[in-house]
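Chain by chain, the residues:
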Amino acid sequence: MIFKFKKKFWFLAAFSLAAGFFVFPAAAEGANLLITEAQIAGAAANNDFIEIYNAAASPQDISGYKLRKRTSTGSESSIRVFPTGSVINGNGYFVWANSEDGFDQSIGANVSSTQTLAKNNSIALFDPEGNIIDALAWGDNLVNPFIEGEKFAANPETNQSLARKFLSDCGCYQDFNDNSVDFVLSNNSTPGQQNIIS
């Protein structure tokens, strides 16, 4: 598993060793947070959710973090700003879901709103300072999407989700900073749980 802060770490490490000293940099705030699953339609059209995973062993306060989306035309809007007291446990999950007809409650979502996801969209997780922590784009003909690497080319169908690959050999999620290789379509949506790829 490759995280952005690890790349920065090795660059700094190499520079420090060449200069005759070594500095161990602290990981950037939020560097261990990953978008691990997104669903744009379930039993109902608005059964949408986004799952975030904390790859660190310690809890992280994500109060003030934001989920935002862009449509295929590049129009941007807020999905949810996480309220004060929002915490994601170490190696734990945090889920946003659409609130229509109590869908958020049915899957045990941590936060909710009336916002929706659709085909040919992109989403991003921001820290309170406005830095993008992670992003995911899917579909086609996207204008200025939130993205890492290349977009995931397909749109999930009803009751499918975009699921980040879970690697059993390391017990971790794949993160090559490329939506096209880090995600697959899954027929088993698992909000708040380890992804099951099928």
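Structure first, text after, so check above.
Summarised in this report is the structure supplied together with it. (Residues numbered from 1 in each chain as written. Predicted model: local features only at pLDDT ≥ 70, side-chain atom pairs only at ≥ 80, totals over all residues. Heavy atoms only, no water.)

1. Side note on the nonpolar core
In globular proteins that are soluble, nonpolar side chains generally tend to be buried together.
And then number 1: Of all hydrophobic cores here, the largest spans 24 residues; its most connected members are Leu-33, Ile-50, Leu-67, Phe-82, Ile-123, Leu-125 and Leu-136.
And then number 2: At the level of elements, strand E1 (33–39), strand E2 (49–54), strand E7 (93–98), strand E9 (122–126) and strand E10 (132–137) are the ones that each hand at least two residues to this core.
And then number 3: Ignoring any residue separated from it by four or fewer positions in sequence, one finds Ile-50 in contact with Ile-35, Glu-37, Ala-38, Leu-67, Ile-79, Phe-94, Val-95, Trp-96, Leu-117 and Ile-123. (Core = buried A, V, L, I, M, F, W, Y, C linked by side-chain atoms within 4.5 Å. Buried < 20%, exposed > 50% of the residue type's maximum accessible area, 1.4 Å probe, protein only. Helix = DSSP H or I, 4+ residues; strand = E, 2+ residues; numbered from the N terminus. Contact = heavy atoms within 4.5 Å.)

2. A word on the sheet that holds E10
And then number 1: In spatial order, the strands read E5-E4-E9-E10; together these four strands make up an open sheet with antiparallel pairing. Only two strands of the sheet have a single neighbouring strand rather than two, namely strand E5 (76–81) and E10. Strand-to-strand, the axes of this sheet are offset by a mean angle of 20 degrees, without reference to chain direction.
And then number 2: Strand direction decides the pairing type here: strand E4 (residues 66–70) and E9, joined by five bridges, are antiparallel. Bridge assignment links Leu-67 to a residue of E9, and that residue is Leu-125. (Pairing = 2+ DSSP bridges. Axes fitted to C-alpha atoms, helices over the stretch in contact; angles between N-to-C directions.)

3. A few points about the pattern of salt bridges
And then number 1: Throughout the structure, instances matching the rule amount to six salt bridges.
And then number 2: Between Arg-164 and Asp-134 there is a salt bridge, with its nearest N and O atoms 3.0 Å apart. Of the two residues, Arg-164 is situated in strand E11 (residues 161–164) and Asp-134 in strand E10; the sequence distance between them amounts to 30 residues. Judged on exposure class, the residue Arg-164 and its partner Asp-134 are both buried. (Salt bridge = Lys/Arg side-chain N within 4 Å of Asp/Glu carboxyl O.)

4. Some remarks on the state of the cysteines
And then number 1: Summed over all chains, the structure comprises one disulfide.
And then number 2: In this model, Cys-170 is linked to Cys-172 through a disulfide, with the two sulfur atoms separated by 1.9 Å. Taking the torsion about the S-S bond as the criterion, the Cys-170 to Cys-172 disulfide, at about -70 degrees, is left-handed.
And then number 3: For Cys-170, a relative accessible area of 41% corresponds to the partly exposed category.
And then number 4: A residue is classified by how much of its surface remains accessible, and Cys-172, at 9% relative accessible area, is buried. (Disulfide = S-S within 2.5 Å.)

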